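Letter by letter, the chains look like this.
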Amino acid sequence: NLALTGGVEYGGIKNLRLGLSGYRGNAGQEAAGIGDAAVTLIEGDVRYSIKGLELTGLFSQVSIGDTEKINAVTNKGVGETIQGSYFEAGYHLGRHFLPDDNDLIIFVRRELINTHKEVASGLSPDPKNERNITTVGAAFFPIKEVVFKADMESWKDGNDETWTQFNVGLGYMF
């Protein structure tokens, strides 16, 4: 299926980047009973950095067509509109006491995700699909290409159920 995608980014102000992108295409892939399943995605993002502080934000929305047909075939409860956003603040703490090849970044991130922002008629939004996530963590770069990361996520869904998740990771950038 043919799809269109595009994006623009503006960087005319020092330390600030603004982006906007979109996608439009049919996802049905000629599957029996699904229809075209037109998908439209729009996304906007902003990044700002100054003196070791990095601020990042993003908002995206996905609209899916033919969800009545998709749900009838798959019995999955796919939403017509999906929304997500996050805001993250990070600070390069290591710049004050580590050698230039090393870095220690502390960060906090807030995410809002709702995969049932709007649903097809006859389907009720499932509160479990509305998630609020707060993450606090640190990333240590012993060299610029390697990162050790640890964070703690606090989750809450639309039913007011809460849980905590701890994550550790190792990354290599080549």
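Note on numbering: residues in each chain are counted from 1, in written sequence order. Owing to the predicted nature of the model, reporting of local features is limited to residues with pLDDT of at least 70; listing and counting of side-chain atom pairs is limited to 80 or more, with chain, interface and lining totals taken over all residues. Water and hydrogen atoms were dropped before computing side-chain values, which therefore reflect all heavy atoms in the structure.

**Digging into the overall build of the chain**
Thought 1: Scanning the chain for helices and strands turns up one helix and nine strands.
Thought 2: Starting at the N terminus and walking to the C terminus, you meet the elements of the chain as β-β-β-β-α-β-β-β-β-β.
Thought 3: Against the compact-globule benchmark of 16 Å for 174 residues, the chain has a radius of gyration of 20 Å, which places it well outside the compact range.
Thought 4: Viewed in the frame of its principal axes, the chain has a C-alpha envelope of about 60 × 40 × 30 Å.
Thought 5: When burial is assessed residue by residue, the chain has 28% of its 174 residues classed as buried.
Thought 6: Residue contacts are counted whenever heavy atoms from the two residues lie within 4.5 Å of one another. For the chain, the proportion of contacts with a sequence separation of at least 24, taken over those separated by at least 6, is 45%.
Thought 7: Surface accessibility follows the Shrake-Rupley procedure with a 1.4 Å probe radius. Residue values consider only the protein chains on display as shielding. For the chain, the computed accessible surface area is about 11100 Å², with 57% contributed by carbon and sulfur atoms.
Thought 8: When charges are counted, neither His nor the chain ends are considered; positive counts come from Lys and Arg and negative counts from Asp and Glu. Lys charges are placed at NZ, Arg charges at CZ, Asp charges at CG and Glu charges at CD. Within the chain, one finds 16 positive and 23 negative side-chain charges whose respective centroids are separated by 5 Å. The way it works is that DSSP assigns letters per residue, a run of H or I at least four long becomes a helix, a run of E at least two long becomes a strand, and they are numbered from the N terminus. Each radius of gyration reported is based on C-alpha atoms, and the globular scaling rule is 2.2 Å times the count of residues to the power 0.38. Each residue is placed in one exposure class: buried if its accessible area under a 1.4 Å probe, protein chains only, is under 20% of its type's maximum, exposed if it is over 50%, and partly exposed if it falls in between.

**Observations concerning the environment of glutamine 61**
Thought 1: Residue placement: glutamine 61 occurs in strand β4 (residues 53-64).
Thought 2: Remark: the alpha-carbon pair of glutamine 61 and threonine 134, spanning 73 residues in sequence, is separated by 20 Å.
Thought 3: What glutamine 61 contacts, discounting residues up to four positions off in sequence, is Thr40, Leu41, Ile42, Thr81, Ile82 and Gln83.

**Things to note about a nonpolar patch on the surface**
Thought 1: The grouping of Tyr10, Ile13, Leu18 and Val46 at the surface amounts to a nonpolar patch, some 330 Å² of accessible area in total.
Thought 2: The residue leucine 18 is located in strand β2 (residues 16-26) in this model.
Thought 3: The partly exposed category is assigned to leucine 18, whose relative accessible area is 36%. To count toward a patch, a residue needs a relative accessible area over 30% and no salt bridge; like charges are then connected within 9 Å, while nonpolar side chains (Val, Leu, Ile, Met, Phe, Trp, Tyr) are connected within 5 Å. Salt bridge, as used here, is a side-chain nitrogen of Lys or Arg placed within 4 Å of a carboxyl oxygen of Asp or Glu.

**So, the nonpolar core**
Thought 1: In these notes, a set of buried Ala, Val, Leu, Ile, Met, Phe, Trp, Tyr and Cys residues joined through side-chain atoms within 4.5 Å is what counts as a nonpolar core. Counting six residues, the largest nonpolar core consists of Ile34, Ala37, Val39, Val62, Ile64 and Ile70.
Thought 2: Non-local contacts of alanine 37, meaning those with residues more than four positions away in its chain, are made with Gly25, Asn26, Ala27, Gly28, Gly65, Asp66 and Ile70.

**Description of the packing of aromatic side chains**
Thought 1: Centres within 6.5 Å make a pair out of two Phe, Tyr or Trp rings, where for Trp the six-membered ring is used; the pair is then stacked when the planes are under 30 degrees apart, edge-to-face when over 60, and tilted otherwise. Considering all chains together, one arrives at two aromatic pairs under this definition.
Thought 2: For the ring pair tryptophan 155 and tryptophan 163, a centre distance of 5.5 Å and an interplane angle of 20 degrees mean the geometry is stacked.
Thought 3: When the ring of tyrosine 172 is compared with that of phenylalanine 174, the centres are 6.1 Å apart and the planes differ by 25 degrees; the resulting orientation is stacked. Accessibility classification places tyrosine 172 together with phenylalanine 174 in one group, the exposed group.

**What about the sheet that holds strand β3 (residues 38-50)?**
Thought 1: The nine strands lie next to each other as β1-β2-β3-β4-β5-β6-β7-β8-β9, forming an open sheet whose pairing is antiparallel. Both outer strands of the open sheet, β1 (3-10) and β9 (162-172), are each paired with one neighbouring strand and no more. When strand polarity is set aside, the average angle formed by the axes of neighbouring strands in this sheet is 10 degrees.
Thought 2: For two strands to count as paired, DSSP must find a minimum of two bridges between them. In terms of strand pairing, β4 meets strand β5 (residues 81-92) through eleven bridges, oriented antiparallel. Of the residues in β5, the one forming a bridge with glutamine 61 is glutamine 83. As a rule, the C-alpha atoms of each element are fitted with a line to give its axis, helices using only the stretch in contact, and angles between N-to-C directions run from 0 to 180 degrees.

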